[in-house]
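Close look at the chain arrangement
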Amino acid sequence: TDGAATSLGTIPGVGRCTFAHNQITGGNEVVIANGQSGYVWNTVTETLTQITDDGFPGFRSVDFADQFIVGVEPFGRYWFHSDLSDALSYNTLDRYTAEKSPDRIQQVIATGSDVFVLGERTAQFFYNTGAGTGTWANRQGAEMDRGAASPYTACRIDNTVIWLGDDGSVYRLNGYTAQRISTHALEQAISRSTLSEAFAFTFEDRGHKCYLLTFPDGRTWCYDAATGEWTRRESYGLDRWRANCLTKWQGVWIAGDYTNGKLYQLDWAVQTEAGAPLERRRTFPVLHDDQNKLLIPGLELV
């Protein structure tokens, strides 16, 4: 709360991490997946522990559903979950493969009472049966022929899930179907980037519910669910927004800078990015007179 940082331990690797937390008596188990291994920070004992259970295969990414920690095996062959309310214990019987198509799993994300399993080309839903082992079962008839382009673009926002599809379009979950929300112009721009490296996070404040999609070798695009419009987000001197992650803490939004690892607080009243100019552009339709010269007597910018 005073802006000072305290080291809680070290997570090895240089790739993207995902987090989830499970409630325990007196606190939480915070699970960190670094793409290969898994670690748990216990807020009660204040200890960081690597998951070493014999039934644990490693994490590509992680989420929380119905008191279970759910995740994808590092090679995407199956997804699995922990024991009930225990992020350190796993059973080899609690593993699930894609049943609609044999494509590898990219990401799992909890939505409503289901676990939404996104593969490379297809997606399906699993529901909790209440069984002691093999607890989750495929929801028959809810499969879709639309996968995810990356393991890190599916986000919960506005009571649904938005993700980058395997075809380069952006989709919003509408019930058990994929609803396209990207435009042709946006999809043309996305096609110039490496889809498999894309990642996304969300921002919600003052009525704005935004899905921010970044391509490390391209640009950052922002979808505002309140207006249904797309905009670009970029930092001065860059094609993309420098924010590499975003989370709400103590009532404020904290962003991590991919260029230097620093943390910044987003503030509506500040008109710079850590001192750098905040650049904004607005365009209007083309004016023409059948290729004849045009005289513009005046222009007012409000």
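What counts as what
- Residues numbered from 1 in each chain as written.
- Predicted model: local features only at pLDDT ≥ 70, side-chain atom pairs only at ≥ 80, totals over all residues.
- Heavy atoms only, no water.
- Pairing = 2+ DSSP bridges.
- Helix = DSSP H or I, 4+ residues; strand = E, 2+ residues; numbered from the N terminus.
- Axes fitted to C-alpha atoms, helices over the stretch in contact; angles between N-to-C directions.
- Salt bridge = Lys/Arg side-chain N within 4 Å of Asp/Glu carboxyl O.
- Buried < 20%, exposed > 50% of the residue type's maximum accessible area, 1.4 Å probe, protein only.
- Patch = residues over 30% accessible without salt bridge, like charges linked within 9 Å, V, L, I, M, F, W, Y side chains within 5 Å.
- Areas by Shrake-Rupley, 256 points an atom, 1.4 Å probe, with all protein chains shown as cover.

Re the sheet that holds strand β20 (residues 229-233)
With antiparallel pairing, the 4 strands of this open sheet are ordered in space as β17-β18-β19-β20. Of all the strands in the sheet, just β17 (199-205) and β20 have a single pairing partner and so form its edges. Ignoring which end each strand starts from, the neighbouring axes of this sheet average 25° apart. Pairing of strand β19 (residues 220-224) with β20 involves 5 bridges; the strand directions are antiparallel.

Some points on the sheet that holds strand β10 (residues 114-119)
Taking strand neighbours across the sheet as the criterion, the 4 strands line up as β9-β10-β11-β12 in an open arrangement whose pairing is antiparallel. Strand pairing shows two members of the sheet lacking a second neighbour, β9 (105-111) and β12 (136-138), which therefore form its edges. On average, adjacent strands in this sheet sit at an angle of 30° to one another, irrespective of strand direction. Note that β10 and strand β11 (residues 123-128) share 5 bridges and pair antiparallel. Bridge assignment links F116 to a residue of β11, and that residue is F125.

Structural notes on the pattern of salt bridges
Applying the stated criterion across every chain, the model contains 13 salt bridges. Across the pair R232 and E234 runs a salt bridge whose closest N-O atoms are separated by 2.4 Å. Among the residues examined, R232 registers a relative accessible area of 30% and is labelled partly exposed. Using a relative accessible area of 13% as the deciding quantity, one classes E234 as buried. In the salt-bridge network here, residues are joined through shared partners; they are R232, E234, E279 and R281.

Some remarks on a nonpolar patch on the surface
Where nonpolar side chains cluster on the molecular surface, the patch consists of F284, L287, L294 and I296 and spans about 450 Å² of accessible area. Within the secondary structure layout, F284 lies in the segment after β25 (276-277). Owing to a relative accessible area of 61%, F284 belongs among the exposed residues under this scheme.

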